[in-house]
Amino acid sequence: MKTRTSAQAKLITAQLLSGAGIASGYAVGGLLAEEITGKTSMAGIAQMSVILGAGLIAYPLAVLAGKAGRRTALTLGFGIGALGATVVLLGVAFQFLPLFMLGMMMCGSATASGLQARYAAVDLVDPKSAGRAMSLVVWATTVGSVLGPSFTEPGAHLGAALGMNELAGPYLISMTAFGLATLVASTLTKKIKPGATEATAESDEPTVETATMKLGPALRFAAARPVPLFAMVTIIAGQMMMTNVMVMTPVHMDHQEFSLGAIGIVVSVHIAGMYALSPVFGWMADRFGPGTVIAGGVAVFTTAITLGVVDAAAEVSSMILLSTALIFLGIGWSMFLIGGSALLTASVPRHAKVPLQGASDAAMNLGGALMAGLAGTVLQAGGFLWIKMMATIVLLIALAFSIRAVPLMRWPGRTQRSGSVENVEEASQVS
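A brief structural summary. Note that the structure is predicted; figures quoted are calculated from it, not measured.

### Comments concerning the overall build of the protein chain
Per the secondary structure count, the protein chain includes 16 helices and zero strands. Taking all 431 residues of the protein chain together, 56% fall into the buried category. Summarising the internal contacts of the protein chain: among those between residues at least 6 apart in sequence, 82% fall at separations of at least 24. Here the protein chain displays about 16,500 Å² of accessible surface, and carbon together with sulfur accounts for 67% of that area.

As structure tokens, this is what we get:
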């Protein structure tokens, strides 16, 4: 118990620091890209680079976790993020876009590590408590992520005082936060490995290892089964919708002549929505089933998109309406992430978890990178309204994948069907 509690506390601390580092530069990344290139259509390239970097490194980090344990993978991931923030500062100083993009991609490693940390928390507990364990680590990002954008303006002043581009100042905070997260992750116990349980994580007795599925067979397993496929689509779709709207919100607000402080506030409340209620959604997933959380996320995303459309149709954007829409956007993302991750964990066997966890995290970030890359051009062509329409299309695609999965999932008041979520032993026959 002591080992587990200590490990959970360290995961929470590392996640808090990483969240602060990510959020500190979130509000200014698009503005820096627009400044370096002189083109609004390039504003989305900053977050696209972060998300692309997270997508590219997510699966290798998952494989490393399976071979060397979570400590090694998380320490390396956060460390690359810290180095990336330094590279961003150099890219801005030289006004050299390729170097700036490389640094942003490296910062994405911290994002990937933060996502992997939620599965590390699951490795420490009984499967029946997986949702709550996962959500507590996700929730830890709340404090850091809400405080992070609040450092945007002070960070800008710090950068100016040091003779730097003031918009680059927040990345000094990111560099420090990622560095501290690296130190914390390096103190985790070596015993945290994918598929471990509370008992095995705290025991010194050797455990019987099951060969981990390779990526190809694991993907074929998921693709052939509606529930794990829908779980992965849910995770990916939530990230795509959130990224599509969020990366262009600071640029949209800047065009509407909102102050940098106002932009930071909107980003803060959005990120609060992303993480603050995650323990509630984790409890709901354990108590009522992941499907209930996902269904709630559909309703919340619909509300966020509707409010965004109303604001986009108005002549002048409303700070209150934007903030409210962005809070709902964050809550919807949280429900899709927690619900989808809990559903994926419950619907696949132990030896398929690592490749599918890594693949889903890679795909969600690559999907987000695609949306971020398109967002600048879409904003320039059709305004903020078209950004909302893109999110609507993604939501409809996710709903299409739910049709076959819903009858097989656990719902309150309904008996679990044979061959559904919990019946995953047949996967042991897949090679």
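### Comments concerning the side chain of Ser341
In this fold, Ser341 is placed in helix α15 (residues 319-347). A polar contact is formed between the side chain of Ser341 and the side chain of Arg118, at a distance of 3.1 Å. If near-sequence neighbours (up to four positions away) are discounted, Ser341 is found in contact with Arg118, Tyr119, Met134, Ile235 and Phe336.

### Examining the packing of helix α10 (residues 226-246) against α15
Orientation of α10 relative to α15, taken along the N-to-C sense of each, is 160 degrees, at an axis distance of 8 Å. In terms of orientation, α10 and α15 fall into the roughly antiparallel class. Regarding α10 and α15, the two cross each other, and that crossing is left-handed.

### Points about the packing of aromatic side chains
This structure, assessed with the given rule, holds three aromatic pairs. With a centroid separation of 5.4 Å and 80 degrees between ring planes, the pair formed by Tyr275 and Trp333 is classed as edge-to-face. Here Tyr275 is found in helix α12 (residues 260-275), whereas its partner Trp333 is found in helix α15, with 58 residues between them in sequence. For the pair shown, Tyr275 and Trp333 are each scored as buried. Judged by centre distance (5.0 Å) and plane angle (80 degrees), the ring pair of Phe301 and Phe336 falls under edge-to-face. One end of the pair, Phe301, is in helix α14 (residues 290-313); the other, Phe336, is in helix α15, with 35 residues separating them in the sequence. For the pair Phe301 and Phe336, a shared accessibility class is recorded, and that class is buried.

Cut-off values and rules
- Residues numbered from 1 in each chain as written.
- Predicted model: local features only at pLDDT ≥ 70, side-chain atom pairs only at ≥ 80, totals over all residues.
- Heavy atoms only, no water.
- Helix = DSSP H or I, 4+ residues; strand = E, 2+ residues; numbered from the N terminus.
- Buried < 20%, exposed > 50% of the residue type's maximum accessible area, 1.4 Å probe, protein only.
- Contact = heavy atoms within 4.5 Å.
- Areas by Shrake-Rupley, 256 points an atom, 1.4 Å probe, with all protein chains shown as cover.
- Polar contact = N/O pair within 3.5 Å; in protein donor to acceptor, adjacent residues only side chain to side chain.
- Axes fitted to C-alpha atoms, helices over the stretch in contact; angles between N-to-C directions.
- Parallel < 35°, antiparallel > 145°, perpendicular 65-115°, else oblique.
- Left-handed = near helix turned anticlockwise from the far one by under 90°.
- Phe/Tyr/Trp six-rings, centres within 6.5 Å; stacked < 30°, edge-to-face > 60°.

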